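Letter by letter, the chains look like this.
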Amino acid sequence: MTQTRTTRLERGRSALGPALALVHTGRAPTRAVLTAELGVTRATAGAVAAELEALGLITVDSRPGAAVGVQGRPSHRLAVDPDGPVVLAAQVHADGFRAALVGLGGRIVATAPGCMTVDADPAQVLGEVVRAGAQLLRETGRRCVGAGLAVPSAVAEPEGTALNPLHLSWEPGAPVRDVFTRCLAEAGVPGPGGERPATGFTANDVNLAALAEHRHGAGRGAQDLLVVGTGHRGVGGALVLDGRLHSGSSGLALEVGHLTVDPDGRPCHCGSRGCLDVETDPLALLEAAGRAPGPEMSLLDQARELIRTEYATDARVRGAVGLLVDRLGLGLAGLVNILNPDRIVLGGLHRALVETDGERLRAVVADRSLWGRSGGVPVLACSLDHNSLVGAAELAWQPVLDDPLGTLTGG
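Everything in this summary refers to the structure shown in the same document. (Residues numbered from 1 in each chain as written. Predicted model: local features only at pLDDT ≥ 70, side-chain atom pairs only at ≥ 80, totals over all residues. Heavy atoms only, no water.)

All right, on to the overall build of the protein then. Looking only at helices and strands, one finds 14 helices and 14 strands in the protein. Expected size for 411 residues packed as a compact globule is a radius of gyration near 22 Å; at 22 Å, the protein falls within 12% of this value. Along the first, second and third principal axes, the C-alpha set of the protein runs to 75 × 50 × 40 Å. Counting contacts in the protein only where the partners sit at least 6 residues apart, residues at least 24 apart contribute 63% of the total. Looking at the protein as shown, the accessible area adds up to about 17700 Å², and 50% of this sits on carbon and sulfur atoms. Separation between the mean location of the 37 positive side-chain charges and that of the 44 negative ones in the protein comes to 8 Å. (Helix = DSSP H or I, 4+ residues; strand = E, 2+ residues; numbered from the N terminus. Rg over C-alpha atoms; globule rule 2.2 N^0.38 Å. Contact = heavy atoms within 4.5 Å. Areas by Shrake-Rupley, 256 points an atom, 1.4 Å probe, with all protein chains shown as cover. Lys, Arg positive; Asp, Glu negative; His and termini not counted. Charge placed at Lys NZ, Arg CZ, Asp CG, Glu CD.)

Moving on to the state of the cysteines. Enumeration according to the criterion identifies zero disulfides in this entry. C270 forms no disulfide, and the closest cysteine sulfur to it belongs to C268, at a distance of 3.6 Å. Of the residues examined, C270 reaches a relative accessible area of 41% and is grouped as partly exposed. We note that C275 lacks a disulfide partner, and the nearest cysteine sulfur, in C268, lies 3.8 Å from it. Owing to a relative accessible area of 0%, C275 belongs among the buried residues under this scheme. (Disulfide = S-S within 2.5 Å. Buried < 20%, exposed > 50% of the residue type's maximum accessible area, 1.4 Å probe, protein only.)

Right, let's get into the side chain of D262. Relative to the elements of secondary structure, D262 occurs in the loop between strand 12 (244-246) and helix 8 (276-279). Under the relative-accessibility criterion, D262 is labelled buried at 17%. Within polar-contact distance, the side chain of D262 engages the side chain of R327 at 3.0 Å. Once you skip the residues sitting within four places of it in the chain, D262 turns out to touch R273, G274, E279 and R327. (Polar contact = N/O pair within 3.5 Å; in protein donor to acceptor, adjacent residues only side chain to side chain.)

With that settled, consider the environment of G106. Position of G106 relative to the elements: it lies in the loop between strand 4 (96-102) and strand 5 (108-115). When its relative accessible area of 18% is taken as the criterion, G106 is described as buried. Among residues more than four places away in sequence, those in contact with G106 are H24, H216 and V390.

Once that is clear, we can look at the pairing of strand 3 (residues 86-93). With eight of its eight residues buried, strand 3 lies for the most part within the structure. Along strand 3, one buried face is formed by V86, L88, A90 and V92 and the opposite face, lined by V87, A89, Q91 and H93, is buried too. Relative to strand 4, strand 3 runs antiparallel, the two sharing seven bridges. Counted as the bridge partner of L88 is L101 from strand 4. Turn length for the strand 3-strand 4 hairpin, with the two strands adjacent in sequence and antiparallel, is two residues. (Pairing = 2+ DSSP bridges.)

A few words now on helix 10 (residues 299-310). For helix 10, which comprises 12 residues, the first-to-last C-alpha distance of 16 Å matches the rise-based estimate of 16 Å (1.5 Å per residue) to within 8%. Residues of helix 10 that are buried include every one of L299, L300, Q302, A303, L306 and I307, and no others. Check the buried side of helix 10 and you find it contacts strand 10 (224-230), helix 9 (282-288), helix 11 (315-339), strand 13 (343-348) and helix 12 (349-368). (Expected span 1.5 Å × (residues − 1).)

The mixed open sheet is built from five strands, whose spatial order is 12-11-10-13-14. Two strands bound the open sheet, and with one partner strand each, they are strand 12 and strand 14 (379-381). Averaged over all pairs of adjacent strands, the angle between their axes in this sheet comes to 30°, without regard to strand direction. One ladder, built from six bridges, connects strand 10 with strand 11 (residues 236-241); its direction is antiparallel. Bridge pairing in strand 11 links V228 to G237. (Axes fitted to C-alpha atoms, helices over the stretch in contact; angles between N-to-C directions.)

Here we come to the pairing of strand 11. For strand 11, the buried fraction is high: five of the six residues fall into the buried class. As consecutive antiparallel partners, strand 10 and strand 11 are separated by five residues, and within that stretch G234 has a phi angle of approximately 75°, a positive value. Sheet topology places strand 11 next to strand 12; three bridges connect them, and they run antiparallel. If you follow V240 over to strand 12, its bridge partner there is L245. Linking strand 11 to strand 12, which pair antiparallel, is a turn of two residues; within it D242 sits at a positive phi near 50°.

Spelled out as C-alpha cells, the structure:
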C-alpha cells in the first residue's frame, strides 16, 4: 500500500463502516454517490472503496461508466461481492426451522428447510438448524463471519431469553442466545476471524423481518415503518422509528398480536379473547373457510394455497378472506392511531391478504383510523421472501458494518 493511500485510508477509516452500509443497502451504487453521501473527497472515497474491495466485501468496476438515465461524469460502479463472505442465518417456527447462508445486500446464497415437531428443549431444534447451516457452509465452501437466529417470541435484552414462545413448547425464559451460541461452537461454525466459534445473535422474528424490509425491501426509505405479519401461528408486529428498529427498553416492544379485534372471538393463548393473534392467523383462515388443517404442509402454506387456488371460485373462501381482512384492518387502524407510521408493510399470510383484497383492507384502515382520511397510510405487501432470515443475517452482519476492518482482521 502506498504512503498516499495509507494516509487517505487513515483519514477515511472511520468511513469504512458507513460506506459498507451504503453499498449493503443499495444507497451507493457508484463511487460518486458514495463520495457525496459520506461527505469526503473523491480520493478518500476511492481509498475507502479500495479497502472494502481488498477485504472481499464489495466490487469496484475498474472502468467508470454512466448509469442509465443519469447525467454527469461517469463513475465507478460499486456492488456487494457475490463471492464474498456470508453469515449463517436461522429461523425457528411452529412447524420446524430454516437455515440459510446470507451475503451482504440481503442475498440468500443457500437455504435448507427442516420440518419437525419443535421439542420442548431448545437445544434439540437449535442443534438441528445449526447442523443444517454448517452443512451448507461445507457444501459451498463460503467463509462465515457470524450467525443470527430469529425466533417466534419476544427476546429480552440483554439476557437473550425467549420470554413468551407461545406457539412453541419451550418454557418461558428459555436461554435461546446462549443455547444457540453453544450449538455453533459444537458444530464448529467460525466467527469473523475464523479462529474462535461464532457468537450467536438472537431476536424476535417479526422485528427481524422489519429490519430486513427497511434495509432491503418494501420499507426502504420509510422513516416510521410499521410491519405486521403472521407466519405459521400467531401475529407479530415491529416498528422502525427514524430509521432504527424500536425494540423498547428491554426488547419487548410492540406485542401487537394481543390487540382485541373481536371481543366475542376465539380464546387466545394469552387468556383474553378475539386477539389479532388468533383472529387473523393461518388457522383462523382455514377454520373460517370450513377447512380442516392437514399434516401435508405447514398451516401458512395451506392457507396461502387455499387463497391461491380457491378464492376466485369458492364463496366461502372469499368470505373467510373478507372476515380476516376486516379484523386485520381494525387492528391496523388502532396501531395507526397510536403510532402514526408513514408506511405499513404486511408479511406472511397478511401479505397474501393485502395482495388478494388490498382495496378492502386499505378502506377499513382509512375508515377506522383518525389519520386514514387525511391522505392515507400506504399499506404494502412485503417484498422479501424469508425476510426474518434476512433480518437474522442483519444481526450477524452488524459488527462488520460497524467496523469492517477491525471485525474481519482484528486490526
